[in-house]
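# Structural features, examined
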Amino acid sequence: MIIPAAMALSSCSGCSSEPTVAEERNELEEELKLGWSEVDDEVGDLMKEFNANMDSHSRDGMISLGMGFQNGNVLLNYTVDDNKFDLGNLESLKAAMTDSIKQMSTQEKEDMQCIPNAGYKIIYTFVGKKSATIVSFIFTVEELQELLY
C-alpha cells in the first residue's frame, strides 16, 4: 500500500522534537526573570581574583562569601558577627565599608576602578551569623568613582 506524502506528513504533526515558537518564548522569558547578564571582562577577572583570595577580604567579625554579578551589579557577600556589626543600622554599615574602601591600597583601588568604569554599582549584602538577618546597601557608580579615584 502506498501512502500519499501529504497524508504521511499530516499524520506526524506534533511528532517533531523541535520546540515551538511559544515554547522558546516561554523559556526565554524564564531565563530573563533570572536577571543574569554578561559581565565586563575586566570585572570578571577581578571577580575571579577576589573569589580565589576570599580569606584576604575577610576581617575581624566579617567573613567574605565571595563576589558575584547580576543585573549590572557587582555583588559582595559577607557573614558577620552580630555582636560586632549592627545589622539594624545600614548607615553605620555603609560608613564602615566606606572607610574600608578608603583604606585600600592604591593597587586595590586601581583594581576596583573597573567596576564603576564599566557602569556597575556594588551591592554589599551582610548575613548575621546568629540572627540570620540579611541586609544590603548599594554604592552607586558616582559614589565608587569618588571613593576609588
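Residues numbered from 1 in each chain as written. Predicted model: local features only at pLDDT ≥ 70, side-chain atom pairs only at ≥ 80, totals over all residues. Heavy atoms only, no water.

The next point concerns the packing of aromatic side chains. Inspection of every chain in the model, using the stated rule, returns 8 aromatic pairs. When the centroid spacing of 5.7 Å and the interplanar angle of 20 degrees are considered together, the rings of Tyr 78 and Phe 126 count as stacked. Here the residue Tyr 78 occupies a position in strand β2 (residues 73-80), and Phe 126 occupies one in strand β3 (residues 121-128), the gap between them amounting to 48 residues. No difference in accessibility class separates Tyr 78 from Phe 126, as the two residues are buried. Consider the rings of Tyr 124 and Phe 137, whose centres lie 5.5 Å apart with planes at 20 degrees: the pair is stacked. Here Tyr 124, found in strand β3, pairs with Phe 137, found in strand β4 (residues 134-139); they are 13 residues apart in sequence, far enough to count as distant. Residues Tyr 124 and Phe 137 agree in their burial class; the two are buried. One aromatic cluster is present, formed by Tyr 78, Tyr 124, Phe 126, Phe 137 and Phe 139 through successive ring pairs. The aromatic ring of Phe 139 is capped on one face by Lys 94, whose charged end is 5.0 Å from the ring centroid. (Phe/Tyr/Trp six-rings, centres within 6.5 Å; stacked < 30°, edge-to-face > 60°. Helix = DSSP H or I, 4+ residues; strand = E, 2+ residues; numbered from the N terminus. Buried < 20%, exposed > 50% of the residue type's maximum accessible area, 1.4 Å probe, protein only. Lys NZ or Arg CZ within 6 Å of the ring centre and 35° of its normal.)

Next up on the list: the nonpolar core. Formed by 30 residues in total, the largest nonpolar core has its most connected members in Val 74, Tyr 78, Ile 115, Ile 122, Tyr 124, Phe 126 and Phe 139. Elements that contribute at least two residues to this core include exactly α3 (41-52), β1 (62-70), β2, α4 (90-102), α6 (114-117), β3, β4 and α7 (141-148). Excluding anything up to four places from it in sequence, Tyr 78 contacts Phe 50, His 57, Met 62, Ile 63, Ser 64, Leu 65, Tyr 124, Thr 125, Phe 126 and Val 127. (Core = buried A, V, L, I, M, F, W, Y, C linked by side-chain atoms within 4.5 Å. Contact = heavy atoms within 4.5 Å.)

Taken together, Glu 38, Asp 40, Asp 41, Glu 42, Asp 45, Glu 49, Glu 108, Glu 110 and Asp 111 make up a surface patch of like negative charges. At the level of secondary structure, the elements contributing two or more residues to the negative patch comprise α3 and α5 (106-112). At 4 residues, α3 tops the list of elements feeding residues into the negative patch. Looking at the secondary structure, you find Glu 49 in helix α3. (Patch = residues over 30% accessible without salt bridge, like charges linked within 9 Å, V, L, I, M, F, W, Y side chains within 5 Å. Areas by Shrake-Rupley, 256 points an atom, 1.4 Å probe, with all protein chains shown as cover. Salt bridge = Lys/Arg side-chain N within 4 Å of Asp/Glu carboxyl O. Lys, Arg positive; Asp, Glu negative; His and termini not counted. Charge placed at Lys NZ, Arg CZ, Asp CG, Glu CD.)

The next subject is the layout of surface pockets. Here the largest pocket is characterised by a volume of approximately 430 Å³. Taken together, 21 residues make up the lining of the largest pocket; nearest its centre are Phe 50, Ser 56, His 57, Met 104 and Glu 108. Counted by class, the lining of the largest pocket contains 11 nonpolar, 6 polar and 4 charged residues. (1 Å grid on protein atoms, 1.4 Å probe; cavity = no way out; pocket = protein on both sides within 12 Å on 5 of 7 lines; lining within 4 Å. Points joined across faces, edges and corners; volume = space filled by probe spheres on them. Nonpolar A, V, L, I, M, F, W, Y, C, P; charged D, E, K, R; others polar.)

Turning to the side chain of Gln 113, a few remarks are in order. With respect to the helices and strands, Gln 113 occurs in the loop between α5 and α6. Here the side chain of Gln 113 touches Leu 148 through a polar contact of 2.9 Å, landing on its backbone oxygen. Discounting chain neighbours no more than four positions away, the residues touching Gln 113 are Leu 148 and Tyr 149. (Polar contact = N/O pair within 3.5 Å; in protein donor to acceptor, adjacent residues only side chain to side chain.)

Another aspect to go through is α4. Under the 1.5 Å per step criterion, the end-to-end length of α4 is 18 Å for 13 residues, consistent within 8% with the ideal 18 Å. Burial in α4 covers these residues: Leu 93, Lys 94, Met 97, Thr 98 and Ile 101. The arc enclosing the buried residues of α4, seen along the axis, measures out at 140 degrees, which places them on a common side. Taken together, the buried residues of α4 touch β1, α5, β3, β4 and α7. Between the side-chain oxygen of the N-cap and the backbone nitrogen of Glu 91 there are 3.3 Å, and the N-cap of α4 in question is Asn 89. (Expected span 1.5 Å × (residues − 1). Arc of directions from axis to C-beta.)

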